[in-house]
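Close look at the chain arrangement
Spelled out, the chains give:
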Amino acid sequence: MRNETWTYNNPVRILFDIGAARRLSGLVEESRVLVVTSAGFRRRGLVDNLEQTFGKRIVAVLDDVAPNPDVRDIQAQAERVRREDPAILLAVGGGSVIDTAKALAKLLGLPAGTALDALLAGTSRIDVSPALPVIAVPTTAGTGAEVTPFGTVWDRAGKKKHSLAANDLFPQHAILDPELTLGLPESVTVASGLDAVSHALESSWNRNATPVSIGLATRSLQQSIRNLPRVVEQPDNIEARAAMIQASTLAGLAISQSRTALAHAISYPVTSNFELPHGLACSFTLPALLRFNAAADDGRLQDLARSVGFRRPSELAEGLSALFEKIDVSKHVSRFVPDKESVLALSNQMFAPGRAENNLRDATEADVRSIVTEALDELDI
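Residues numbered from 1 in each chain as written. Predicted model: local features only at pLDDT ≥ 70, side-chain atom pairs only at ≥ 80, totals over all residues. Heavy atoms only, no water.

Let us now look at empty space enclosed by the protein. Within the structure shown, the criterion is met by 1 cavity of 30 Å³ or more. Of the pockets and cavities examined, the largest cavity occupies roughly 60 Å³. Lining the largest cavity are T140, A141, T181, L184, T189, S192, G193, V231, R241 and M244. Secondary structure elements with two or more residues in the lining of the largest cavity: α6 (186-204) and α8 (238-258). The greatest single-element share of the lining of the largest cavity, amounting to 3 residues, is contributed by α6. Here the residues of the lining of the largest cavity are counted per class, giving 4 nonpolar, 5 polar and 1 charged. (1 Å grid on protein atoms, 1.4 Å probe; cavity = no way out; pocket = protein on both sides within 12 Å on 5 of 7 lines; lining within 4 Å. Points joined across faces, edges and corners; volume = space filled by probe spheres on them. Helix = DSSP H or I, 4+ residues; strand = E, 2+ residues; numbered from the N terminus. Nonpolar A, V, L, I, M, F, W, Y, C, P; charged D, E, K, R; others polar.)

Take a look at the structure:
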(Lines give C-alpha, C1' and ligand atoms only; values in the text may rest on other atoms or scores of the structure.)
Protein backbone atom coordinates (compact mmCIF):
# COMPACT_ATOMS: atom_id res chain seq x y z
CA MET A 1 0.00 0.00 0.00
CA ARG A 2 1.12 3.53 -0.73
CA ASN A 3 2.07 5.57 2.32
CA GLU A 4 -0.76 8.10 2.32
CA THR A 5 -2.49 10.12 5.03
CA TRP A 6 -5.04 8.09 6.94
CA THR A 7 -7.14 8.26 10.10
CA TYR A 8 -8.89 5.74 12.31
CA ASN A 9 -11.62 6.26 14.87
CA ASN A 10 -14.16 3.93 16.39
CA PRO A 11 -15.99 5.10 19.53
CA VAL A 12 -17.80 1.84 20.35
CA ARG A 13 -16.90 0.31 23.73
CA ILE A 14 -16.60 -3.43 23.22
CA LEU A 15 -17.04 -6.11 25.88
CA PHE A 16 -16.30 -9.72 24.93
CA ASP A 17 -16.90 -12.55 27.35
CA ILE A 18 -18.69 -15.86 27.49
CA GLY A 19 -21.85 -14.97 29.40
CA ALA A 20 -21.36 -11.22 28.88
CA ALA A 21 -25.08 -10.73 28.21
CA ARG A 22 -25.75 -11.51 31.86
CA ARG A 23 -23.95 -8.27 32.76
CA LEU A 24 -26.17 -6.01 30.67
CA SER A 25 -28.00 -4.45 33.57
CA GLY A 26 -24.85 -2.82 34.88
CA LEU A 27 -24.18 -1.14 31.53
CA VAL A 28 -27.58 0.49 31.14
CA GLU A 29 -27.87 3.47 33.44
CA GLU A 30 -30.85 5.04 31.67
CA SER A 31 -34.27 4.22 33.09
CA ARG A 32 -36.27 4.15 29.87
CA VAL A 33 -35.12 1.23 27.74
CA LEU A 34 -36.59 0.20 24.39
CA VAL A 35 -35.75 -3.43 23.58
CA VAL A 36 -35.47 -4.22 19.87
CA THR A 37 -35.36 -7.88 18.93
CA SER A 38 -37.08 -10.54 16.84
CA ALA A 39 -39.92 -12.97 17.47
CA GLY A 40 -37.41 -15.81 17.66
CA PHE A 41 -35.82 -14.38 20.77
CA ARG A 42 -39.21 -13.84 22.34
CA ARG A 43 -39.85 -17.58 21.77
CA ARG A 44 -36.44 -18.52 23.18
CA GLY A 45 -37.25 -16.71 26.43
CA LEU A 46 -34.61 -14.01 26.08
CA VAL A 47 -37.14 -11.20 26.25
CA ASP A 48 -38.59 -12.68 29.45
CA ASN A 49 -35.08 -12.73 30.94
CA LEU A 50 -34.52 -9.09 29.98
CA GLU A 51 -37.85 -8.08 31.46
CA GLN A 52 -36.95 -9.81 34.71
CA THR A 53 -33.53 -8.13 34.73
CA PHE A 54 -34.61 -4.61 33.89
CA GLY A 55 -38.15 -4.61 35.26
CA LYS A 56 -39.92 -1.29 34.86
CA ARG A 57 -36.86 0.25 33.24
CA ILE A 58 -38.10 -1.33 29.97
CA VAL A 59 -40.76 0.96 28.53
CA ALA A 60 -41.46 -1.08 25.38
CA VAL A 61 -40.39 -4.19 23.50
CA LEU A 62 -40.34 -4.38 19.71
CA ASP A 63 -40.04 -8.06 18.88
CA ASP A 64 -41.35 -8.06 15.32
CA VAL A 65 -38.15 -7.21 13.40
CA ALA A 66 -37.97 -9.25 10.20
CA PRO A 67 -34.92 -10.03 8.03
CA ASN A 68 -33.98 -7.21 5.65
CA PRO A 69 -36.13 -4.62 7.49
CA ASP A 70 -38.44 -2.58 5.30
CA VAL A 71 -38.57 1.20 5.50
CA ARG A 72 -42.35 1.20 6.02
CA ASP A 73 -42.17 -1.28 8.88
CA ILE A 74 -39.52 0.79 10.66
CA GLN A 75 -41.58 3.95 10.24
CA ALA A 76 -44.60 2.23 11.78
CA GLN A 77 -42.50 0.86 14.65
CA ALA A 78 -41.15 4.34 15.41
CA GLU A 79 -44.62 5.83 15.59
CA ARG A 80 -45.78 2.95 17.80
CA VAL A 81 -43.13 3.50 20.50
CA ARG A 82 -42.53 7.25 20.28
CA ARG A 83 -45.09 7.98 23.00
CA GLU A 84 -43.07 5.81 25.40
CA ASP A 85 -40.21 8.33 25.14
CA PRO A 86 -37.30 5.84 25.39
CA ALA A 87 -33.87 7.11 26.40
CA ILE A 88 -31.79 4.21 25.03
CA LEU A 89 -32.28 1.27 22.69
CA LEU A 90 -31.11 -2.25 23.52
CA ALA A 91 -30.75 -4.23 20.28
CA VAL A 92 -30.51 -7.98 20.78
CA GLY A 93 -30.34 -9.92 17.53
CA GLY A 94 -28.64 -10.22 14.19
CA GLY A 95 -27.76 -7.52 11.69
CA SER A 96 -31.37 -6.77 10.79
CA VAL A 97 -32.24 -6.12 14.44
CA ILE A 98 -29.23 -3.86 14.98
CA ASP A 99 -29.88 -1.99 11.72
CA THR A 100 -33.51 -1.50 12.72
CA ALA A 101 -32.44 -0.19 16.12
CA LYS A 102 -30.10 2.31 14.48
CA ALA A 103 -32.85 3.58 12.17
CA LEU A 104 -35.27 3.83 15.11
CA ALA A 105 -32.63 5.62 17.20
CA LYS A 106 -32.27 8.21 14.47
CA LEU A 107 -36.03 8.63 13.93
CA LEU A 108 -36.84 8.81 17.64
CA GLY A 109 -34.15 11.46 18.10
CA LEU A 110 -35.81 13.65 15.45
CA PRO A 111 -39.13 15.52 15.60
CA ALA A 112 -42.32 13.48 15.32
CA GLY A 113 -43.43 13.11 11.73
CA THR A 114 -39.90 12.87 10.30
CA ALA A 115 -40.07 10.37 7.45
CA LEU A 116 -37.40 7.71 7.19
CA ASP A 117 -37.64 7.63 3.41
CA ALA A 118 -36.91 11.38 3.39
CA LEU A 119 -33.76 10.75 5.40
CA LEU A 120 -32.74 7.98 3.03
CA ALA A 121 -33.38 10.18 0.00
CA GLY A 122 -31.40 13.04 1.53
CA THR A 123 -34.36 15.43 1.41
CA SER A 124 -34.49 15.74 5.20
CA ARG A 125 -31.44 16.56 7.31
CA ILE A 126 -30.09 13.64 9.31
CA ASP A 127 -28.04 15.83 11.67
CA VAL A 128 -30.85 17.96 13.12
CA SER A 129 -30.50 16.21 16.48
CA PRO A 130 -28.44 13.24 17.64
CA ALA A 131 -29.70 9.70 17.49
CA LEU A 132 -30.62 7.99 20.73
CA PRO A 133 -27.84 5.77 22.09
CA VAL A 134 -27.85 2.08 21.15
CA ILE A 135 -26.40 -0.89 22.99
CA ALA A 136 -25.88 -3.68 20.45
CA VAL A 137 -25.86 -7.33 21.48
CA PRO A 138 -25.24 -9.41 18.35
CA THR A 139 -26.65 -12.92 18.29
CA THR A 140 -25.09 -13.88 14.96
CA ALA A 141 -21.43 -13.79 13.98
CA GLY A 142 -21.24 -11.95 10.72
CA THR A 143 -22.53 -8.45 10.12
CA GLY A 144 -20.29 -6.46 12.47
CA ALA A 145 -23.13 -3.92 12.71
CA GLU A 146 -22.42 -3.56 16.42
CA VAL A 147 -19.32 -1.47 15.62
CA THR A 148 -20.27 0.44 12.45
CA PRO A 149 -22.03 3.78 11.85
CA PHE A 150 -24.16 2.25 9.09
CA GLY A 151 -27.72 0.98 9.00
CA THR A 152 -29.19 -0.94 6.07
CA VAL A 153 -32.90 -0.77 5.31
CA TRP A 154 -34.83 -2.04 2.33
CA ASP A 155 -37.67 -0.87 0.14
CA ARG A 156 -39.27 -4.17 -0.74
CA ALA A 157 -41.91 -2.61 -2.97
CA GLY A 158 -39.28 -0.78 -4.99
CA LYS A 159 -36.75 -3.64 -4.72
CA LYS A 160 -34.08 -1.24 -3.47
CA LYS A 161 -31.51 -1.18 -0.68
CA HIS A 162 -30.82 2.02 1.27
CA SER A 163 -28.19 3.01 3.81
CA LEU A 164 -28.12 5.35 6.74
CA ALA A 165 -24.63 6.53 7.63
CA ALA A 166 -23.80 8.98 10.41
CA ASN A 167 -21.35 9.12 13.27
CA ASP A 168 -24.16 9.14 15.84
CA LEU A 169 -25.20 5.69 14.58
CA PHE A 170 -22.14 4.06 16.14
CA PRO A 171 -23.56 2.02 19.05
CA GLN A 172 -22.53 3.13 22.51
CA HIS A 173 -21.60 -0.41 23.56
CA ALA A 174 -21.15 -3.74 21.76
CA ILE A 175 -21.64 -6.78 23.98
CA LEU A 176 -20.10 -9.90 22.44
CA ASP A 177 -21.38 -13.08 24.06
CA PRO A 178 -20.71 -16.25 22.04
CA GLU A 179 -23.29 -18.13 24.11
CA LEU A 180 -25.99 -16.18 22.26
CA THR A 181 -24.90 -17.73 18.95
CA LEU A 182 -25.39 -21.28 20.19
CA GLY A 183 -28.41 -22.96 18.67
CA LEU A 184 -28.40 -20.97 15.45
CA PRO A 185 -29.65 -22.91 12.41
CA GLU A 186 -26.90 -24.04 10.07
CA SER A 187 -28.19 -21.74 7.32
CA VAL A 188 -27.83 -18.69 9.58
CA THR A 189 -24.40 -19.79 10.82
CA VAL A 190 -23.18 -20.18 7.24
CA ALA A 191 -24.68 -16.95 5.89
CA SER A 192 -23.55 -14.80 8.81
CA GLY A 193 -20.08 -16.37 8.89
CA LEU A 194 -19.63 -15.69 5.19
CA ASP A 195 -20.67 -12.10 5.79
CA ALA A 196 -17.67 -11.76 8.12
CA VAL A 197 -15.39 -13.31 5.50
CA SER A 198 -16.76 -10.90 2.91
CA HIS A 199 -16.21 -7.87 5.13
CA ALA A 200 -12.61 -8.85 5.80
CA LEU A 201 -11.86 -9.30 2.11
CA GLU A 202 -13.85 -6.28 0.95
CA SER A 203 -12.04 -4.00 3.36
CA SER A 204 -8.71 -5.46 2.18
CA TRP A 205 -9.17 -4.86 -1.56
CA ASN A 206 -10.60 -1.44 -0.83
CA ARG A 207 -9.28 1.94 -1.95
CA ASN A 208 -10.09 3.34 1.50
CA ALA A 209 -8.07 0.71 3.36
CA THR A 210 -5.61 1.85 6.02
CA PRO A 211 -2.88 -0.05 7.88
CA VAL A 212 -5.28 -0.37 10.82
CA SER A 213 -8.20 -1.70 8.76
CA ILE A 214 -5.90 -4.12 6.92
CA GLY A 215 -4.60 -5.42 10.26
CA LEU A 216 -8.11 -5.91 11.61
CA ALA A 217 -9.28 -7.59 8.42
CA THR A 218 -6.28 -9.90 8.37
CA ARG A 219 -6.85 -11.11 11.92
CA SER A 220 -10.56 -11.53 11.19
CA LEU A 221 -9.90 -13.66 8.10
CA GLN A 222 -7.39 -15.83 9.97
CA GLN A 223 -10.08 -16.66 12.52
CA SER A 224 -13.05 -17.06 10.20
CA ILE A 225 -11.41 -19.32 7.60
CA ARG A 226 -10.33 -21.70 10.35
CA ASN A 227 -13.43 -21.58 12.52
CA LEU A 228 -16.39 -21.30 10.14
CA PRO A 229 -16.15 -24.99 9.14
CA ARG A 230 -15.77 -25.86 12.82
CA VAL A 231 -19.01 -24.16 13.88
CA VAL A 232 -20.86 -25.80 11.00
CA GLU A 233 -19.54 -29.25 11.91
CA GLN A 234 -19.65 -28.69 15.70
CA PRO A 235 -22.49 -26.22 16.39
CA ASP A 236 -21.99 -26.42 20.17
CA ASN A 237 -18.25 -25.70 20.06
CA ILE A 238 -18.14 -22.55 22.20
CA GLU A 239 -14.48 -21.86 21.38
CA ALA A 240 -15.22 -21.82 17.65
CA ARG A 241 -18.31 -19.70 18.26
CA ALA A 242 -16.19 -17.26 20.28
CA ALA A 243 -13.62 -17.05 17.48
CA MET A 244 -16.34 -16.35 14.91
CA ILE A 245 -18.04 -13.58 16.88
CA GLN A 246 -14.65 -11.93 17.36
CA ALA A 247 -13.89 -12.35 13.63
CA SER A 248 -17.20 -10.67 12.85
CA THR A 249 -16.49 -7.68 15.07
CA LEU A 250 -12.91 -7.29 13.81
CA ALA A 251 -14.19 -7.21 10.24
CA GLY A 252 -16.87 -4.75 11.30
CA LEU A 253 -14.19 -2.50 12.79
CA ALA A 254 -12.39 -2.67 9.42
CA ILE A 255 -15.42 -1.76 7.27
CA SER A 256 -16.42 0.97 9.71
CA GLN A 257 -13.50 2.87 8.14
CA SER A 258 -13.23 1.52 4.60
CA ARG A 259 -16.84 0.55 3.87
CA THR A 260 -17.40 -2.32 1.47
CA ALA A 261 -16.77 -2.71 -2.25
CA LEU A 262 -17.84 -4.59 -5.37
CA ALA A 263 -19.02 -7.85 -3.75
CA HIS A 264 -21.62 -5.87 -1.80
CA ALA A 265 -22.61 -3.81 -4.85
CA ILE A 266 -23.26 -7.07 -6.69
CA SER A 267 -25.22 -8.47 -3.75
CA TYR A 268 -27.93 -5.82 -3.37
CA PRO A 269 -30.08 -6.57 -6.45
CA VAL A 270 -29.64 -10.30 -5.84
CA THR A 271 -31.06 -9.95 -2.33
CA SER A 272 -33.80 -7.55 -3.47
CA ASN A 273 -35.00 -9.78 -6.29
CA PHE A 274 -34.45 -13.29 -4.90
CA GLU A 275 -34.32 -12.70 -1.11
CA LEU A 276 -30.94 -14.40 -1.01
CA PRO A 277 -29.68 -13.78 2.55
CA HIS A 278 -27.17 -10.97 2.64
CA GLY A 279 -24.22 -13.03 3.84
CA LEU A 280 -24.60 -15.42 0.90
CA ALA A 281 -25.31 -12.65 -1.59
CA CYS A 282 -22.17 -10.70 -0.71
CA SER A 283 -19.89 -13.73 -0.57
CA PHE A 284 -20.66 -16.06 -3.46
CA THR A 285 -18.45 -13.95 -5.76
CA LEU A 286 -15.45 -13.73 -3.38
CA PRO A 287 -13.11 -16.29 -5.05
CA ALA A 288 -13.78 -14.77 -8.47
CA LEU A 289 -13.35 -11.24 -7.13
CA LEU A 290 -10.07 -12.12 -5.47
CA ARG A 291 -8.72 -13.37 -8.79
CA PHE A 292 -10.01 -10.21 -10.48
CA ASN A 293 -8.49 -7.83 -7.93
CA ALA A 294 -5.19 -9.70 -7.80
CA ALA A 295 -4.39 -8.20 -11.20
CA ALA A 296 -4.24 -4.76 -9.50
CA ASP A 297 -2.54 -5.94 -6.31
CA ASP A 298 -0.13 -3.46 -4.74
CA GLY A 299 1.18 -6.08 -2.36
CA ARG A 300 -1.64 -6.11 0.17
CA LEU A 301 -3.37 -9.21 -1.25
CA GLN A 302 -0.07 -11.06 -1.41
CA ASP A 303 0.49 -10.22 2.27
CA LEU A 304 -3.07 -11.22 3.14
CA ALA A 305 -2.71 -14.58 1.41
CA ARG A 306 0.51 -15.34 3.25
CA SER A 307 -1.00 -14.31 6.59
CA VAL A 308 -3.67 -17.00 6.28
CA GLY A 309 -1.33 -19.75 5.08
CA PHE A 310 -1.21 -19.42 1.29
CA ARG A 311 1.70 -18.47 -0.94
CA ARG A 312 -0.19 -16.13 -3.27
CA PRO A 313 -3.67 -14.64 -3.86
CA SER A 314 -4.56 -17.28 -6.45
CA GLU A 315 -4.04 -19.99 -3.82
CA LEU A 316 -6.14 -18.05 -1.31
CA ALA A 317 -8.91 -17.94 -3.94
CA GLU A 318 -8.63 -21.73 -4.27
CA GLY A 319 -8.80 -21.97 -0.48
CA LEU A 320 -11.99 -19.91 -0.45
CA SER A 321 -13.49 -22.19 -3.09
CA ALA A 322 -12.57 -25.21 -0.96
CA LEU A 323 -14.20 -23.54 2.06
CA PHE A 324 -17.36 -22.94 0.02
CA GLU A 325 -17.45 -26.58 -0.97
CA LYS A 326 -16.87 -27.76 2.59
CA ILE A 327 -19.78 -25.76 4.02
CA ASP A 328 -21.95 -26.39 0.92
CA VAL A 329 -22.50 -22.81 -0.18
CA SER A 330 -23.97 -24.08 -3.45
CA LYS A 331 -26.81 -25.76 -1.56
CA HIS A 332 -27.63 -22.63 0.39
CA VAL A 333 -27.49 -20.28 -2.63
CA SER A 334 -29.48 -22.54 -4.95
CA ARG A 335 -32.42 -22.49 -2.52
CA PHE A 336 -33.02 -18.88 -3.56
CA VAL A 337 -31.42 -18.28 -6.96
CA PRO A 338 -33.42 -19.83 -9.82
CA ASP A 339 -30.69 -19.91 -12.47
CA LYS A 340 -27.57 -18.15 -13.70
CA GLU A 341 -29.27 -16.09 -16.40
CA SER A 342 -31.72 -14.55 -13.92
CA VAL A 343 -28.79 -13.24 -11.89
CA LEU A 344 -26.86 -12.04 -14.92
CA ALA A 345 -29.92 -10.09 -16.05
CA LEU A 346 -29.34 -7.85 -13.02
CA SER A 347 -25.72 -7.01 -13.87
CA ASN A 348 -26.52 -3.44 -14.88
CA GLN A 349 -27.79 -2.85 -11.31
CA MET A 350 -24.61 -4.12 -9.64
CA PHE A 351 -22.81 -0.77 -9.33
CA ALA A 352 -24.25 0.63 -6.09
CA PRO A 353 -22.89 4.15 -5.47
CA GLY A 354 -20.50 4.23 -2.54
CA ARG A 355 -19.56 0.57 -2.99
CA ALA A 356 -18.38 -0.42 -6.47
CA GLU A 357 -16.02 2.55 -6.75
CA ASN A 358 -14.26 1.47 -3.54
CA ASN A 359 -12.98 -1.64 -5.30
CA LEU A 360 -9.21 -1.86 -5.73
CA ARG A 361 -9.57 -2.51 -9.47
CA ASP A 362 -11.98 -0.64 -11.74
CA ALA A 363 -14.73 -2.86 -13.11
CA THR A 364 -17.04 -2.51 -16.09
CA GLU A 365 -20.44 -4.13 -16.52
CA ALA A 366 -18.73 -6.73 -18.72
CA ASP A 367 -16.28 -7.44 -15.89
CA VAL A 368 -19.14 -7.88 -13.43
CA ARG A 369 -20.94 -10.28 -15.77
CA SER A 370 -17.71 -12.27 -16.06
CA ILE A 371 -17.16 -12.31 -12.29
CA VAL A 372 -20.74 -13.40 -11.56
CA THR A 373 -20.65 -16.01 -14.33
CA GLU A 374 -17.42 -17.47 -12.97
CA ALA A 375 -18.84 -17.51 -9.42
CA LEU A 376 -22.10 -19.22 -10.39
CA ASP A 377 -20.33 -21.72 -12.62
CA GLU A 378 -18.07 -22.62 -9.72
CA LEU A 379 -21.16 -23.23 -7.57
CA ASP A 380 -22.76 -25.22 -10.42
CA ILE A 381 -25.76 -22.88 -10.59
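The subject of this paragraph is helix α3 (residues 71-81). Turning to α3, its buried residues number three or more, namely V71, I74, Q77, A78 and V81. Along the axis of α3, the buried positions cluster into a sector of 125°, meaning they face one direction only. Two or three places before R72, at the start of α3, stands the capping residue D70, its side-chain oxygen 2.9 Å from that residue's backbone nitrogen. (Buried < 20%, exposed > 50% of the residue type's maximum accessible area, 1.4 Å probe, protein only. Arc of directions from axis to C-beta. Polar contact = N/O pair within 3.5 Å; in protein donor to acceptor, adjacent residues only side chain to side chain.)

We now examine the sheet that holds strand β4 (residues 88-93). One open sheet holds the 6 strands; their spatial order is β1-β8-β5-β4-β2-β3, and the pairing between them is parallel. Single-partner strands in this sheet number two, and they are β1 (13-16) and β3 (58-62). The average angle at which neighbouring strand axes cross in this sheet is 15°, direction not considered. With 2 bridges connecting them, strand β5 (residues 134-138) and strand β8 (residues 173-176) associate as parallel partners. Note that in β8 the partner of I135 across the bridge is H173. Helix α4 (residues 95-108) rests against β2 (33-36), β3, β4 and β5 of the sheet, and its axis sits at about 165° to β4. (Pairing = 2+ DSSP bridges. Axes fitted to C-alpha atoms, helices over the stretch in contact; angles between N-to-C directions. Contact = heavy atoms within 4.5 Å.)

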